[in-house]
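What the coordinates show
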Amino acid sequence: MVRLMIADDHAIVREGLKQLFALVADIRVAATAVNGAEVLEMLRRNELDMLMMDMSMPGISGVELVTRVKAQHPDLPILVLSMHNEPQIARRALAAGAAGYLTKDSDPEVVLAAIRKVAGGGRFIDPGLAEAMVLDSVNGGGGAPHEQLSEREQQILRLLVRGRSVNEIADELVISNKTVSTHKSRLMQKLNLQNNAELVRYGVEHGLV
């Protein structure tokens, strides 16, 4: 029996996964969390065999959360289930210690297979994403400019492109307005963008909306 924690800030995702796992006998949802702080707290309070987590949650998230979990629970397998299908993001998650990476459009059978393999000590990468990662490596890893941004900068870029204000982003990520503004200034400088209109145009052109 795999005792699993689901970490995702969207209730519909958590409930959908619970319904999927209720159909099988070897996977049990033992805990859920909606942000990074809850993940760390639940790991302290529960005996778990595996963590399935989203990459984008309020507060501590993404690569930072993977790194923190692996530092405190080095033997706990982590499977990322994310909406992001960029090879660069998957590569960072795996490098930080995740044992697997799936996108949220994966078939239920693929999700179950990934959980069983990762819980058993193996590694699993979404088949379509694995192919993209190989091609990316063959091409020298050269991608869009935003792929060179830090995990947090990419997260803030996506939120800005979707029309969120600095204050809204600060509330959603549980960080200060000043921190968001600093990240925004840095990412705009790195992408050579002069204003919000150029930022939104860049996001639309690169499918970040």
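Here the residue index of a chain counts from 1 through its sequence in written order. Per-residue local features are limited, in this predicted model, to residues with pLDDT of at least 70; the limit for side-chain atom pairs, both in listing and counting, is 80 or more; totals at the level of whole chains, interfaces and linings are taken over all residues. Excluding hydrogens and water, the side-chain values take into account all heavy atoms of the structure.

1. Re the packing of helix H2 (residues 36-45) against helix H3 (residues 62-72)
- One can describe the packing of H2 onto H3 by two numbers: an axis separation of 11 Å at closest approach and a directional angle of 15°. One element, H2, and the other, H3, form an angle in the roughly parallel class. The two elements H2 and H3 meet at a crossing, and its hand is right-handed. Contacts between H2 and H3 involve Gly36, Val39, Leu40, Leu43 and Arg44 from the first element and Leu65, Arg68, Val69 and Gln72 from the second. For helices, the axis comes from a line fit to the C-alpha atoms of the stretch in contact; other axes are also lines fit to C-alpha atoms, and the angle between any two N-to-C directions lies between 0 and 180 degrees. To qualify as a helix, a DSSP run of H or I must reach at least 4 residues; to qualify as a strand, a run of E must reach at least 2; elements of each kind are numbered from the N terminus. Reported orientations rely on four angle classes, namely roughly parallel under 35 degrees, roughly antiparallel over 145, roughly perpendicular from 65 to 115, and oblique for the rest. Less than a right angle of anticlockwise turn of the near helix away from the far helix marks a crossing as left-handed, whereas a clockwise turn marks it as right-handed. Two residues qualify as a contact provided that any one of their heavy atoms is within 4.5 Å of a heavy atom in the partner residue.

2. Examining the nonpolar core
- Of all hydrophobic cores here, the largest spans 30 residues; its most connected members are Met5, Val39, Leu51, Met53, Leu65, Val69 and Tyr101.
- At the level of elements, strand S1 (2-7), strand S2 (27-33), H2, strand S3 (50-53), H3, strand S4 (78-82), helix H4 (87-96) and helix H6 (127-138) are the ones that each hand at least two residues to this core.
- The element contributing the most residues to this core is H4, with five residues.
- Filtering out sequence-adjacent residues up to four positions away, Met5 remains in contact with Ala31, Thr32, Ala33, Val39, Met42, Leu43, Leu48, Met50, Leu51 and Met52.
- What makes a nonpolar core is a set of buried Ala, Val, Leu, Ile, Met, Phe, Trp, Tyr and Cys residues whose side-chain atoms join them at distances within 4.5 Å. The classification of residues rests on relative accessible area computed with a 1.4 Å probe and restricted to protein chains. Under 20% of the type maximum is buried, over 50% is exposed, and intermediate values are partly exposed. Membership of the second largest hydrophobic core comes to 20 residues, among which are Ile27, Met50, Met52 and Val118.

3. Notes on helix H9 (residues 177-190)
- Taking 1.5 Å as the rise per residue, H9 with 14 residues should run 20 Å; its terminal C-alpha atoms sit 20 Å apart, in good agreement.
- Buried positions along H9 lie against helix H7 (151-161), helix H8 (166-173) and helix H10 (196-205).
- At the exit of H9 stands Asn192, carrying a positive phi of roughly 60°. Multiplying 1.5 Å by the residue count of a helix minus one yields the expected span of that helix.

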